[in-house]
Amino acid sequence: MASGSTRHPIFAWFYAKVAGPALDKAGVAEHRKRLLAGLSGEVIEIGAGNGLNFPHYPAEVRRVVAIEPEPQLRALAREAARAAPVQIEVVNGRAEQLPTADGSFDAAVVCLTLCSIADPGAALTELHRVLRPGGQLRFFEHVQADSPAMRRVQRFVDATIWPRLCGGCHTGRDTQSAITAAGFTLSEVDRFPFPPTRIPSPAATHILGTAIREHSDQAGPQ
């Protein structure tokens, strides 16, 4: 199994004790449910954190392999997996080098994680590799803002304090384009601000949707 522990102990504590509960209070659970609705078979989730998606997996899912490189969050995720409604195996690993064989999964899940992966393009290419032809990529991510002014703010905070304070997170990534560049075909994308607030935030713009790993090898990244 590939090694790839990434230690962010302060951020791990903050996410588990502060940010995660704050997101729940803001209504993120409904988006998690939408993200996972209708999944079945075998699923891989990267950047599982402390397992906040686990309660929302539908019963039709036979098994989830949840990848989490941060040791404290991984330990919390293993605790959460014991109470999950489906079988979940939490393992160490890097999204850019997944410890699984080609074509192993019916679906892949990325949830508020591509922002913090060092090479999101490589991670998406790996997900394309481990999905079976016709498999789904489900994604819920904060992304590049719509307005030029907020994009300038994103570039500034991403180049300075944001990644250092937030476990490597970047606010301004064009994740939708990265998904298609990795060979996926978008089938559904919902774009919206979250959490709903009047106070502008560089991490407010989110996308939630589905992309397909096409049957033809020609659909893969060139």
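Here the structure is a predicted model, which means the values were calculated and not measured.

Moving on to the packing of aromatic side chains. Counted by the stated rule, this structure contains 2 aromatic pairs. With 5.9 Å between their ring centres and 35 degrees between their planes, Phe-11 and Tyr-15 make a pair best called tilted. Here Phe-11 pairs with Tyr-15, and both are found in helix H1 (residues 9–26), just 4 residues apart, close to one helical turn. According to the relative accessible area criterion, Tyr-15 is buried, its value standing at 16%. Ring centres 6.2 Å apart and planes at 20 degrees place the aromatic pair Phe-140 and Phe-192 in the stacked group. A residue pair is termed long-range when its members are at least 10 positions apart, and Phe-140 in strand E5 (residues 131–142) and Phe-192 in strand E6 (residues 184–193) qualify at 52 residues.

A few words on a nonpolar patch on the surface. A contiguous nonpolar patch, built from Trp-13, Phe-14 and Val-18 and spanning about 290 Å² of accessible area, is present on the exposed surface. Topologically, Trp-13 is positioned in helix H1.

Let us look at the sheet that holds strand E2 (residues 61–67). Overall, mixed pairing links the 7 strands, which are arranged E3-E2-E1-E4-E5-E7-E6 in an open sheet. Two strands in the sheet have a free side with no partner beyond their single neighbour: strand E3 (87–91) and E6. Averaged over all pairs of adjacent strands, the angle between their axes in this sheet comes to 15 degrees, without regard to strand direction. Relative to E5, strand E4 (residues 105–111) runs parallel, the two sharing 6 bridges. What sits directly across from Phe-105, in E5, is Leu-131. Where helix H4 (residues 120–130) meets the sheet, it contacts strand E1 (41–46), E4, E5, E6 and strand E7 (205–213), and its direction lies at approximately 145 degrees from that of E5.

By the definition in use, this model includes 0 disulfides. Just so you know, Cys-115 is unpaired, no disulfide at all, and the nearest cysteine sulfur is the one on Cys-169, 3.7 Å from it.

It is worth spelling out the confidence of the model for the chain at this point. Here the chain averages 92 in pLDDT, while 95% of its residues score no lower than 70. Note that residues 218–222 has pLDDT below 50 and, in this model, 10 contacts with residues that lie over four places away or in other chains.

Before going further, it helps to examine the pairing of E3. Strand direction decides the pairing type here: E2 and E3, joined by 5 bridges, are parallel. By the bridge assignment for E3, Ala-66 is matched with Val-90.

With that settled, consider the side chain of Glu-42. Position of Glu-42 among the secondary structure elements: in strand E1. In this structure the side chain of Glu-42 is engaged in a polar contact, spanning 3.2 Å, whose partner is the side chain of Arg-63. In terms of polar contacts, Glu-42 uses its side chain to reach the side chain of Arg-132, at 3.0 Å. When sequence neighbours within four positions are dropped, the list of residues in contact with Glu-42 reads Arg-62, Arg-63, Ser-104, Phe-105, Asp-106, Ala-107 and Arg-132.

Attention now goes to H4. Of the residues making up H4, those classed as buried are Pro-120, Ala-123, Leu-124, Glu-126, Leu-127, His-128 and Val-130. Buried residues belonging to H4 abut E1, E4, E5, helix H7 (175–181), E6 and E7.

Taking burial as the measure, the 7 residues of E4 include 6 buried ones, the bulk of the element. Taken together, the 4 bridges between E1 and E4 define a ladder with parallel strand orientation. Within E4, the residue paired with Ile-46 across the bridge is Val-110. Crossover connection from E4 via H4 to parallel E5: handedness right-handed.

On to the pattern of salt bridges, then. This model, assessed by the stated rule, comprises 10 salt bridges. Residue Arg-34 pairs with Asp-190 through a salt bridge whose shortest N-O separation is 3.1 Å. Of this pair, Arg-34 sits in helix H2 (residues 28–36) while Asp-190 is found in strand E6, placing the two residues 156 residues apart along the sequence. Residue class for Arg-34 comes out partly exposed when judged on its relative accessible area of 38%. Relative accessible area serves as the criterion here: at 29%, Asp-190 is assigned to the partly exposed category. The shortest N-O distance in the salt bridge between Arg-63 and Glu-89 comes to 3.7 Å. Here Glu-89 lies in strand E3 and Arg-63 lies in strand E2, a separation of 26 residues in the sequence. Each of the salt bridges in this network shares a partner with another, and the network as a whole consists of Glu-42, Arg-63, Glu-89, Asp-106 and Arg-132.

Parameters at a glance
Residues numbered from 1 in each chain as written. Predicted model: local features only at pLDDT ≥ 70, side-chain atom pairs only at ≥ 80, totals over all residues. Heavy atoms only, no water. Phe/Tyr/Trp six-rings, centres within 6.5 Å; stacked < 30°, edge-to-face > 60°. Helix = DSSP H or I, 4+ residues; strand = E, 2+ residues; numbered from the N terminus. Buried < 20%, exposed > 50% of the residue type's maximum accessible area, 1.4 Å probe, protein only. Patch = residues over 30% accessible without salt bridge, like charges linked within 9 Å, V, L, I, M, F, W, Y side chains within 5 Å. Areas by Shrake-Rupley, 256 points an atom, 1.4 Å probe, with all protein chains shown as cover. Salt bridge = Lys/Arg side-chain N within 4 Å of Asp/Glu carboxyl O. Pairing = 2+ DSSP bridges. Axes fitted to C-alpha atoms, helices over the stretch in contact; angles between N-to-C directions. Contact = heavy atoms within 4.5 Å. Disulfide = S-S within 2.5 Å. pLDDT = per-residue confidence, 0-100. Polar contact = N/O pair within 3.5 Å; in protein donor to acceptor, adjacent residues only side chain to side chain. Right-handed = clockwise from strand over helix to strand, strands pointing away.

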